[in-house]
Amino acid sequence: MTTTPISAAADSRPTAGDDSARALTGKRRVAFASFVDENYLPGFLVLLRSLALSNPDVCEDFIVLHDDLRPASVAAIRALHPRVQFRRVDADHYDSYVKGDQDNYLVRKAYFILDVFRIRDYDTVITLDTDMVVLGPITELLALREGLAAVPQFFYGDKTRMLNSGLLVIQKEYLSDEFCAKLDEIGRSGRYELDKHDQGILNALLDGDFVDLDPKYNYVKRRLSGDLPVPDETAILHFTGRHKPWQGGEYGYSQAQARWVEFDITDPELHAAFIEKGDPAHPDLLIHYGTAHVGRTGDVDTARRVGLAHIGAGDYQAAVDILEQVHLPIDEAWPHEVYGNALMSVSRYEEARAHLLLATAAPNRAATAFSRLAQISWVHGDDAGAQKYALAGLGVDPTHRASRIWHQRTVGVPAQSAGSPEDQLAHVAFYMDRQGNAGDKLLPESVRLAFDPDTGGRRWHSVHAHRLFDEAALERVNARRGMVIGGGGLFIPDTMPNGNSAWQWNVPDELLNRIDVPIAVYAVGFNAFDGQSYRAERFRSSLRLLVERSSFFGLRNHGSIAKVRSMLPERLHDKVRFQPCPTTVTRQLVANWQDPASREDTILINAAYDRAGLRFGHDYGYFLAQMAKAVKDLGKLAEVKCVAHSLDDEKLAFDLRREHGVSMPVIPMYDFENDEIRDLYARTKLVIGMRGHAGMIPFGCGTPIISLISHPKMTYFLRDIDRPEWGVSVHDRHLADRLVERSRDLLADHAKTVADVHGRQQELWKVTEANAADLRTILGG
């Protein structure tokens, strides 16, 4: 492999291709699609209601293809689905196809549904006819990943295998210009029978070559002739034929008609029925229907559930807003606990305290409420108060993890300020708890090593990013010779939310503006997941002020640089520069570093489970099956072990053993000291990791890596070292084969691979050294 220089300082290196989060992670995007006109609108509204009530935990984008819908119709559709999109079909495109009555709905639908194949921004599209109702779970359809799937049908006396109309599950390879060109060619040729079958063009092209679905996913009405009941296992009932349910139905199908009528309800009835379903409910649907339900009824429990959905989505102010609309009875603890959580997340701490104290009255909510009270006290620097509340939480529930964490934070607090203030740098970072994320535990020390070989209290004054930066903290910082901010992906909205900055450092603008020592932002990452967002205005304002006040502003990858620059005025763009994470140059920073004389014959695998829905989408089952296959095959190359950066990471080993009978040892890295972390990663032959620092730390120790990509930052790093082939998306269709193939390639000539890692690292070190020269001028030392 050749070595490509990595540019330094205020580098604005462009990135090639699609830089959307989805493109960077390979995450599948799934959408439903229907063709809708005014005549069939009543059926479509019922379809949407049935989908929500039969699958309350499903809420994908829904594309409405239409050639002319009235504004009132658009509004009616929007009221039923929070993620609907309207796309006008190109009627003129199909003029050359027309062989029959253009005003006939079936003819128009047969042509216009072909516009589905012109969709380019989704990986899987599921079509649903407007004369369908969804009666059962359809999550199996969302998990399909290959081919074009449909229910097969046969006409009487005709053995030709054709797909049934209405439901198609279409994968990316069919959503292409090439496939559309073939459809156009057949459409213009007339080699199809539209009168016989309204998917004639598609059937003529596929000629029976499609993936079979169970008939329960497109159970046609004619099978119920003679008033037969709808089978219990039916997932989608299709009212084929000329007589539609909203037109009164058809004689001999009363039981089928009754199933359709179940969903022919008003919006308020839909909202109430959805709320009554309980959990699991998709947060988007819960917010969409629940907000209207609360506004109409003032129901406290619904407000609580909607508030929790907003909190889960990181929209803490919206959670406050919904709970402010209702009267919370004093004796209902759970709503008070959720409201208190929302209030503390927007830094309304005293109000939060009052509601959380009310929540402690109920035994089933007390431990959580006490842990949140401990958190508020700790945020304000009151360790004694935090310890008191944490012990109260443990008194209610000795197994309560959050209470235990807050108790541990307040006992044995390390002494601060061992050195003279004028010789110290203040250091804002996320200081990880014992048994916390191993990567975050190592980071603050790694940042300090980039400035000084002495990483202890003589040279450093610790400022925990999550504690409120108040007047006392300001005074202590201004007594130092400078401030360094760094030690993790601090630009993330939800690890420890606050309303002062909307990112991890809990600093009000007014106090940030009064820091009068030089500020160096060092190797911070923009860590938002695909599908995660910030409270835009608060974050942008705090970010802009931070950049203005900083003497050095370095981000740890070019992807973060692009994201942050997009939120800043152009005059500040050049202040944002590239500073690799110091963990990636560990061999250069650790005094007297020695590369291992020999390595253990092991491959270490790490998987991450925080925000699992954002990481895996509908593909976790697929990911697990692929990892089972990969672990078996990798075992032929070396011993495979699971390395857990946090307790949750052990889930990979548990799930593989339970679901697939595949076992591997677990290394509890969350219990390791920093030297142990570096030593383990330096001595293995290969690390396959999903966490950012399960890639960057071993790389910094000189060990080859393969990244399991479920977050944009993984791709950002591999781009920066010019080795994108060292990453595989967790959604990759051939995940196991690619992991094994790339592992085999990297291990085939291990010495050469290690040398390549060293060469890549040397380029990052050149950037770090160039920045260090500027920092010595800024901070001294």
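Source: prediction; values computed, not measured. (Residues numbered from 1 in each chain as written. Predicted model: local features only at pLDDT ≥ 70, side-chain atom pairs only at ≥ 80, totals over all residues. Heavy atoms only, no water.)

**Examining the overall build of the protein**
For the record, the criterion: Counting from the N terminus, the helices are the DSSP runs of H or I reaching at least four residues and the strands are the DSSP runs of E reaching at least two. Remark: exposure states derive from per-residue accessible area (1.4 Å probe, protein chains only) relative to the maximum for the residue type, with buried under 20%, exposed over 50%, and partly exposed in between. The contact criterion used throughout is that any non-hydrogen atoms of two residues lie within 4.5 Å. We get accessible surface area from the Shrake-Rupley algorithm with a probe of 1.4 Å; when it comes to residues, only the shown protein chains can shield them. His is not counted, nor are the chain ends, whereas Lys and Arg count as positive and Asp and Glu as negative. Where a charge lies is defined by one atom per residue type: Lys uses NZ, Arg uses CZ, Asp uses CG and Glu uses CD.
Within the protein one finds 31 helices and 24 strands. Taken along its principal axes, the extent of the C-alpha atoms in the protein is 90 × 70 × 55 Å. A burial count over the protein gives 59% of its 781 residues as buried. The long-range fraction of contacts in the protein, counting pairs at least 24 apart against all pairs at least 6 apart in sequence, stands at 72%. Here the protein has roughly 30,500 Å² of accessible surface; of this, 49% comes from carbon and sulfur atoms. Positive and negative side-chain charges of the protein, numbering 90 and 107 respectively, have mean locations separated by a distance of 3 Å.

**Some thoughts on the packing of helix α2 (residues 41-54) against helix α3 (residues 71-78)**
We apply this condition: Only the contacting stretch of a helix is used when fitting its axis, a line to C-alpha atoms as for every element, and angles between N-to-C directions run 0 to 180 degrees. Throughout this description, any angle smaller than 35 degrees is read as roughly parallel, any larger than 145 degrees as roughly antiparallel, any in the 65 to 115 degree range as roughly perpendicular, and the remainder as oblique. Should the near helix be turned anticlockwise from the far one by less than a right angle, the crossing is termed left-handed; should it be turned clockwise, right-handed. Note on residue categories: nonpolar means Ala, Val, Leu, Ile, Met, Phe, Trp, Tyr, Cys or Pro, charged means Asp, Glu, Lys or Arg, and polar means any other residue, Gly included.
Running from N to C, α2 and α3 cross one another at 15°; their axes reach a closest spacing of 10 Å. Here α2 is positioned roughly parallel relative to α3, judged by the angle of their axes. In terms of crossing hand, the pair formed by α2 and α3 is right-handed. Mapping the contact onto sequence places Leu41, Phe44, Leu45 and Leu48 in α2 and Ser73, Ala76 and Ile77 in α3. Of the residues contributing to the contact of α2 with α3, the split by class is 6 nonpolar, 1 polar and no charged.

**Looking at helix α16 (residues 383-396)**
Cut-off, in case you're wondering: To estimate the expected span of a helix, count its residues, drop one, and scale the result by 1.5 Å.
The terminal C-alpha atoms of α16 lie 20 Å apart, and with 14 residues this matches the ideal 20 Å at 1.5 Å per residue to within 8%. Listing the buried residues of α16 in full gives Gly385, Ala386, Tyr389, Ala390, Gly393 and Leu394. Packing partners of the buried residues in α16 comprise α14 (349-359), α15 (363-379) and α17 (401-410).

**Examining the sheet that holds strand β2 (residues 61-66)**
In a beta sheet, neighbouring strands pair by backbone hydrogen bonds and run either parallel or antiparallel. Note the following rule: We call two strands paired when DSSP finds no fewer than two bridges between them.
Taken together, the 7 strands give an open sheet; going across it, the order is β3-β2-β1-β4-β9-β6-β10, and neighbouring strands pair in mixed fashion. A strand with exactly one partner marks an edge of an open sheet, and here the two such strands are β3 (84-88) and β10 (211-212). In this fold α3 packs onto β2 and β3, with an angle of close to 150° to the strand it touches most, β3.

**Details of the nonpolar core**
Put simply, the rule reads: Working definition of a nonpolar core: buried Ala, Val, Leu, Ile, Met, Phe, Trp, Tyr and Cys residues. They are joined through side-chain atoms within 4.5 Å.
By size, the foremost hydrophobic cluster in this structure holds 111 residues, and its most contacted members are Phe469, Phe491, Trp505 and Phe623. The element best represented in this core is helix α25 (residues 620-634), accounting for 9 residues. The contact partners of Trp505, leaving out residues within four places of it in the chain, are Val428, Ala465, Phe469, Met483, Ile485, Asn498, Leu512 and Ile515. One finds Val134, Val300, Ala342 and Ala352 within the second-largest nonpolar core, a separate group that totals 96 residues.

**Focus: the packing of α2 against helix α9 (residues 267-277)**
Orientation of α2 relative to α9, taken along the N-to-C sense of each, is 15°, at an axis distance of 9 Å. In terms of orientation, α2 lies roughly parallel with respect to α9. Here the hand of the crossing between α2 and α9 comes out right-handed. Between α2, through Arg49, Ala52 and Leu53, and α9, the contact on the second element is made entirely by Asp267, Leu270, Ala273, Phe274 and Lys277.

**Topic: the side chain of Asn500**
As a reminder, the rule being used: Between N or O atoms, a polar contact is any pair within 3.5 Å; within protein, one atom must be a potential hydrogen donor and the other a potential acceptor, and residues adjacent in sequence are included only when both atoms are from side chains.
Summarising the element assignment, Asn500 is placed in the loop between β15 (483-485) and α20 (509-512). Only 2.7 Å separates the side chain of Asn500 from the side chain of Asn506, close enough to count as a polar contact. Excluding residues within four positions of it along the chain, Asn500 makes contact with Ser347, Leu468, Asn506, Val507, Pro508, Asp509 and Arg538.

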